[in-house]
Amino acid sequence: MFVFDSHRPLDLENTRGDNRDVLVLRDEREGEETFPEPDSESDDDDSDADSDDSDADSEKENVSSRENDDDDDEPTEPGKRKSAKSYTESPRAKRQRRQQKQLERVAYYSRGSFYGRAAGLVMYDIAHDAHKDSLEKHFPLWLAIVSLTDQYVHQRLSHEAYTAGVMELATQVSNLPDADAPNVRVLDEGKVVRAFEDRRVQYSEEFRFSMLRHWSLYDAMTHSPYVATRLQTWREHGRASLHSLLAHLGLPLDACKQQFTHMSPEHVKRLHEKLEQHAPSHGLDDLKFWSFSFSHGFKMRLVASDVVHGVTALLEGVAEGSNDGGANENADAANGGGGAGAFWRAVKALGMSQYDEMQVGLRHAMRSQRALMRQGGLALANKAVIRTVGGLRYFSLLDHGSPADASAFKHPLALTRLALFLQDALRATKKIERPLVVVGPCVGAPVATTDNEGEGQTTDGSFALVVGVTGAPRADDADGGNHFATSFRRAAETVRASFRHDAFEASVVQVSQRNLGEFMEALSDIDAERVARERMQNAA
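To start, this report covers the structure provided alongside it. Keep in mind that what you see is a predicted model, and the values were worked out from it rather than measured.

### With respect to the packing of aromatic side chains
Next, step 1: Considering all chains together, one arrives at 12 aromatic pairs under this definition.
Next, step 2: Between Tyr152 and Tyr162, the aromatic rings sit 3.9 Å apart at their centres with planes inclined by 5°, giving stacked as the arrangement. On the criterion of sequence distance, the pair formed by Tyr152 in helix H6 (residues 135-153) and Tyr162 in helix H7 (residues 159-174) is long-range, its members being 10 residues apart.
Next, step 3: Seen from their ring centres, Phe488 and Phe519 are 5.9 Å apart, and the 40° between their planes marks the pair as tilted. Of this pair, Phe488 sits in helix H19 (residues 484-494) while Phe519 sits in helix H20 (residues 516-539), and the two are 31 residues apart along the sequence. Phe519 shares its class with Phe488; the two are buried.
Next, step 4: Put simply, the rings of Phe139, Trp142 and Phe294 touch in pairs and so form one group of aromatic residues.
Next, step 5: We note Arg208 situated over the ring of Tyr226; from NZ or CZ to the ring centre the distance is 5.5 Å.
Next, step 6: Here Lys257 stacks its cationic end above the ring of Tyr218, 4.9 Å away from the centre of that ring.

Dropping the structure here:
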């Protein structure tokens, strides 16, 4: 079995040249300077006595080395090497080299959690080099597209990095055999019909409206984080601004609230022609982004972001009580999402051969998006529920969450999406950017955990799910990552809180509810130390 992972930081021991279990692939954004050199075997073999040698001993060795160098100035026979003594590293140089490598490792891990090249892109690179990229009608290319889009949708890379990735993939798409095939056919009687498409991938420009083709235009806009955060649709004036925009487009509200695929061609054409003209006056300057679509037959046409939303929803588990899933999926949902049943169902949907599974995921994704907007809107409309704790902002679903929507945020991915939405909205409405901590429900049976002293203890199972996002959540450059990856553990260990970490994301942790108050106070102190340290470094 092979595991591909884009999470960073790496365990630097995996970058050793003699490692045969983990292969580290670097890209343009992860050059040699990004991965500090781990300790070599020669460093491990150096004795402590060498590091404690006095400067006088080092100077004596240097003098001896210079004398040997003078002796070695005599001609040597061809093919013979000079004496190894002339290349001997002094104890002082060894000590300085070890200290420098230690500083580089500390700086690397201090960045917190961040992301490298998308795992799907790495897999496609390997398939392309092995001439296996044409399997199943170039399906590996589509999986690479979905992988890149997943990072973009969940704010794991910047818009600039995403655009660079899209340009790279667009070149591959343009080289596909059916790249220039027509989308329509003209029948003998002159009637124009849509052509049959066999697993076709196309380059396309899409609106920033969530799952537009699967519900109404109005729903897609009001539940789009991009539109909601800029128009502030949780307020009355924000909804009025949206209605004003639709009126400027000449689109009746009734038409906008019907299924998008049922809208008249005239209204759809007007949307494409006039939206970019009127949107900037309503604060929507960047309504489109470049992406890709997948078509098969006459029925299936999905954009990459639709697939990301649908598969993510299946991974979280279909909501209990819905008619979309069986017993296995409901059991997954009851346990906070995830599980083997949800995983294999997501795999089937990602294979694009079972469109019904993808539709189930999309329906669940739309329900989750409604819950996110309701809960996020309630939090943003009430200024008192998002508190400031030191240099952090803090929101707890346990104290101020809607009971009807609480179950929608038991999965780490769902709670992270809520945190990202709140942070985007706060960035648009607040003058000062601060890291945000969001606390949600955590479902699970009581477990045995270990405190920072290593002593086993039985918890009462009353845990809370804690997610942290920074002021600038996109963490894919050399300047930053999510520092909560290390801050959470430090805070929990400082107050001896019961905690556990069993998520893929390092910035997600489960903390005992009885320790939450002390945990947040310790986290605030740790963040203050981080800010002070960064200011000192910038001043230097």
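Moving on from the model shown.
### Observations regarding the pairing of strand E13 (residues 463-469)
Next, step 1: Burial analysis of E13 places 7 of its 7 residues in the buried class, the great majority of the element.
Next, step 2: Burial along E13 is two-sided: Phe463, Leu465, Val467 and Val469 facing one way and Ala464, Val466 and Gly468 facing the other are all buried.
Next, step 3: Alignment of strand E10 (residues 436-441) against E13, held across 6 bridges, turns out to be antiparallel. By the bridge assignment, Val439 is partnered in E13 with Val466.
Next, step 4: Of the pairings in the sheet, the one linking E13 to strand E15 (residues 508-512) comprises 5 bridges and is antiparallel in character. Across the sheet, residue Phe463 finds its bridge partner in E15, namely Ser512.

### Points about the nonpolar core
Next, step 1: Core analysis: the largest hydrophobic core is formed by 66 residues, its most contacted members being Trp142, Ile145, Phe209, Leu217, Leu275, Met352 and Met358.
Next, step 2: At 8 residues, the largest contribution of residues to this core is made by H6.
Next, step 3: Ranked by size, the runner-up nonpolar core spans 30 residues in total, among them Phe395, Leu415, Leu426 and Leu465.

### Describing the sheet that holds strand E9 (residues 392-396)
In any sheet, the strands associate via hydrogen bonds between backbone groups, in a parallel or an antiparallel arrangement.
Next, step 1: The sheet built from 6 strands is open, its strands ordered E8-E9-E10-E13-E15-E14 with mixed pairing. Two strands in the sheet have a free side with no partner beyond their single neighbour: strand E8 (387-389) and strand E14 (499-500).
Next, step 2: The strands touched by helix H18 (residues 412-429) within the sheet are E9, E10, E13 and E15, with E10 carrying the most contacts at an inclination of about 145°.

### Some points on helix H10 (residues 236-249)
An α-helix turns once every 3.6 residues. As a result, residues three or four positions apart point the same way.
Next, step 1: Look at H10: 20 Å from first C-alpha to last across 14 residues, which is about the 20 Å you get at 1.5 Å a residue.
Next, step 2: Burial in H10 covers these residues: Gly238, Ser241, Leu242, Leu245, Leu246 and Leu249. Seen along its axis, H10 keeps its buried residues to an arc of 135°; they face one direction. In H10, the exposed positions that point more than 90 degrees away from the buried face belong to Glu236, His237 and Ala247.
Next, step 3: Packed against the buried residues of H10 are helix H8 (217-222), helix H9 (225-231), helix H11 (253-256) and helix H12 (265-278).

### With respect to empty space enclosed by the protein
Next, step 1: All told, the structure shown has 3 cavities of 30 Å³ or more when counted by the stated rule.
Next, step 2: Its boundaries defined by the atoms lining it, the second largest cavity holds a volume of some 70 Å³.
Next, step 3: Together, Met211, His309, Thr312, Ala313, Glu316, Ala365, Ser368, Gln369 and Arg417 line the second largest cavity.
Next, step 4: Elements that contribute at least two residues to the lining of the second largest cavity include exactly helix H13 (304-316) and helix H16 (355-381).
Next, step 5: Here the residues of the lining of the second largest cavity sort into 3 nonpolar, 4 polar and 2 charged.

Cut-offs and rules
- Residues numbered from 1 in each chain as written.
- Predicted model: local features only at pLDDT ≥ 70, side-chain atom pairs only at ≥ 80, totals over all residues.
- Heavy atoms only, no water.
- Phe/Tyr/Trp six-rings, centres within 6.5 Å; stacked < 30°, edge-to-face > 60°.
- Helix = DSSP H or I, 4+ residues; strand = E, 2+ residues; numbered from the N terminus.
- Buried < 20%, exposed > 50% of the residue type's maximum accessible area, 1.4 Å probe, protein only.
- Lys NZ or Arg CZ within 6 Å of the ring centre and 35° of its normal.
- Pairing = 2+ DSSP bridges.
- Core = buried A, V, L, I, M, F, W, Y, C linked by side-chain atoms within 4.5 Å.
- Contact = heavy atoms within 4.5 Å.
- Axes fitted to C-alpha atoms, helices over the stretch in contact; angles between N-to-C directions.
- Expected span 1.5 Å × (residues − 1).
- Arc of directions from axis to C-beta.
- 1 Å grid on protein atoms, 1.4 Å probe; cavity = no way out; pocket = protein on both sides within 12 Å on 5 of 7 lines; lining within 4 Å.
- Points joined across faces, edges and corners; volume = space filled by probe spheres on them.
- Nonpolar A, V, L, I, M, F, W, Y, C, P; charged D, E, K, R; others polar.

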